[in-house]
Amino acid sequence: MVDLGGAYYNPKDQVRALVQLREKLPSLDTPEPTSIKRDRPRRVRQLGFEQVEQLIADYRSGATVYELGDRFDIERRTVSDILHRHGVPMRRRGLTPDQVDDAIHLYNLGWSLARVGDHLGVNHTTVLNKLRERGIPTRDTHGRPRVEAGDAR
């Protein structure tokens, strides 16, 4: 003999679960909740002529785009854009071979790319690129070995 009803033959449990779910819903008389207050997008900060000149002078004196971004309350990409617009040659700081060795050591100890980058004064993508150049396997955001696109597992 075949049971044609199966799990749905006696639906009392399903009906009870639906009733409990319906009780959790707000009443139709309940006023609509107020919208979540979100920060408005920041307005673009325009630097004046003198500020741009100061920014360029500070960069030429050795300040980094990150330091200038903090100092002038603008994004580091905006600092780079201003410098490019004014024909200022950009410094490529990067990492020395000894610093790359340190980065590999710290990363193998379990430090994140961001933490290694902060420690060495560079962006985490700089660290990532140097690790890849040296053939160091990287981890995903959960600390597991990253599976590259060409790997079949």
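Position numbers for residues start from 1 in each chain and track the written sequence from start to end. Local features in a predicted model are, by the rule used here, given only for residues with pLDDT of at least 70; side-chain atom pairs are given and counted only at 80 or more, and totals for whole chains, interfaces and linings are based on all residues. Side-chain measures here rest on the full set of heavy atoms in the structure, leaving out hydrogens and waters.

Structural notes on the packing of helix H6 (residues 113–120) against helix H7 (residues 124–133)
Phase 1 of the analysis: Note on geometry: axes are C-alpha line fits, over the in-contact stretch for helices, and angles between N-to-C directions span 0 to 180 degrees. Numbering of helices and strands starts at the N terminus; helices are DSSP runs of H or I of at least 4 residues and strands are runs of E of at least 2. As a packed pair, H6 and H7 sit with axes 8 Å apart at the nearest point and diverge in direction by 105°. Considering the angle they form, H6 stands roughly perpendicular to H7. Where H6 abuts H7, its residues Leu113, Ala114, Val116 and Gly117 lie against His124, Val127, Leu128 and Leu131.
Phase 2 of the analysis: Three classes are used, and their members are as follows: Ala, Val, Leu, Ile, Met, Phe, Trp, Tyr, Cys and Pro are nonpolar, Asp, Glu, Lys and Arg are charged, and the others, Gly among them, are polar. Split by residue class, the contact of H6 with H7 holds six nonpolar, two polar and no charged. Roughly parallel refers to an angle under 35 degrees, roughly antiparallel to one over 145, roughly perpendicular to one between 65 and 115, and oblique to any angle outside these ranges. Contacts between residues were defined by any pair of non-hydrogen atoms, one from each residue, lying within 4.5 Å.

Description of the nonpolar core
Phase 1 of the analysis: Remark: nonpolar core denotes a set of buried residues (Ala, Val, Leu, Ile, Met, Phe, Trp, Tyr, Cys) joined through side-chain atoms within 4.5 Å. Only protein chains enter the accessibility calculation, which uses a 1.4 Å probe; a residue whose area is less than 20% of its type maximum is buried, one above 50% is exposed, and one in between is partly exposed. With 15 residues, the main nonpolar core has Leu113, Val116, Leu120, Val127 and Leu131 as its most contacted residues.
Phase 2 of the analysis: If you list the elements that add at least two residues to this core, you get helix H5 (97–108), H6 and H7.
Phase 3 of the analysis: Residue contributions to this core peak at five residues, all from H5.
Phase 4 of the analysis: With residues up to four places along the chain from it excluded, the contact list for Val116 reads Ala103, Leu106, Tyr107, Trp111 and Val127.

What about the packing of aromatic side chains?
Phase 1 of the analysis: Working definition: rings of Phe, Tyr and Trp (its six-membered ring) pair if their centres are within 6.5 Å, and the pair is stacked with planes under 30 degrees apart, edge-to-face with planes over 60 apart, and tilted otherwise. Scanning all chains against the criterion turns up zero aromatic pairs.
Phase 2 of the analysis: The criterion is that NZ of a Lys, or CZ of an Arg, lies within 6 Å of the ring centre and within 35 degrees of the ring normal, and then a charge sits over that ring. The cationic tip of Arg115 hangs over the ring face of Trp111; the distance from NZ or CZ to the ring centre is 3.8 Å.

Here's the deal with the confidence of the model for the protein chain
Phase 1 of the analysis: Mean pLDDT over the protein chain stands at 82; residues scoring 70 or higher make up 80%.
Phase 2 of the analysis: Across the protein chain, element-level confidence peaks in helix H2 (residues 49–60) with a mean pLDDT of 93 and bottoms out in helix H1 (residues 12–24) with 83. Per-residue confidence from the predictor is reported as pLDDT, a score between 0 and 100.

Observations regarding the environment of His105
Phase 1 of the analysis: Of note, His105 is situated in helix H5.
Phase 2 of the analysis: For His105, a relative accessible area of 48% gives the class partly exposed.

Some remarks on the environment of Asp58
Phase 1 of the analysis: With respect to the element layout, Asp58 can be found in helix H2.
Phase 2 of the analysis: Residues Asp58 and Leu68, spaced ten residues apart in sequence, show a C-alpha to C-alpha distance of 7.8 Å.
Phase 3 of the analysis: The residues contacting Asp58, other than those within four sequence positions of it, are Ala63, Leu68, Arg71 and Phe72.

Brief notes about the environment of Val100
Phase 1 of the analysis: As for its position among the elements, Val100 is in helix H5.
Phase 2 of the analysis: Val100 gets classed as buried once you look at its relative accessible area, which sits at 5%.

Let's talk about the packing of H5 against H6
Phase 1 of the analysis: For the pair H5 and H6, the least separation of the axes is 10 Å and the interaxial angle reads 145°. Seen along the crossing, H5 lies across H6 with a hand that is right-handed. Each of Gln99, Ala103, Leu106 and Tyr107 in H5 lies in contact with H6, whose residues at this interface are Leu113, Val116, His119 and Leu120.
Phase 2 of the analysis: Class assignment of the residues belonging to the contact of H5 with H6 gives a composition of six nonpolar, two polar and no charged. By definition, turning the near helix anticlockwise from the far helix through less than a right angle yields a left-handed crossing, and turning it clockwise yields a right-handed one.

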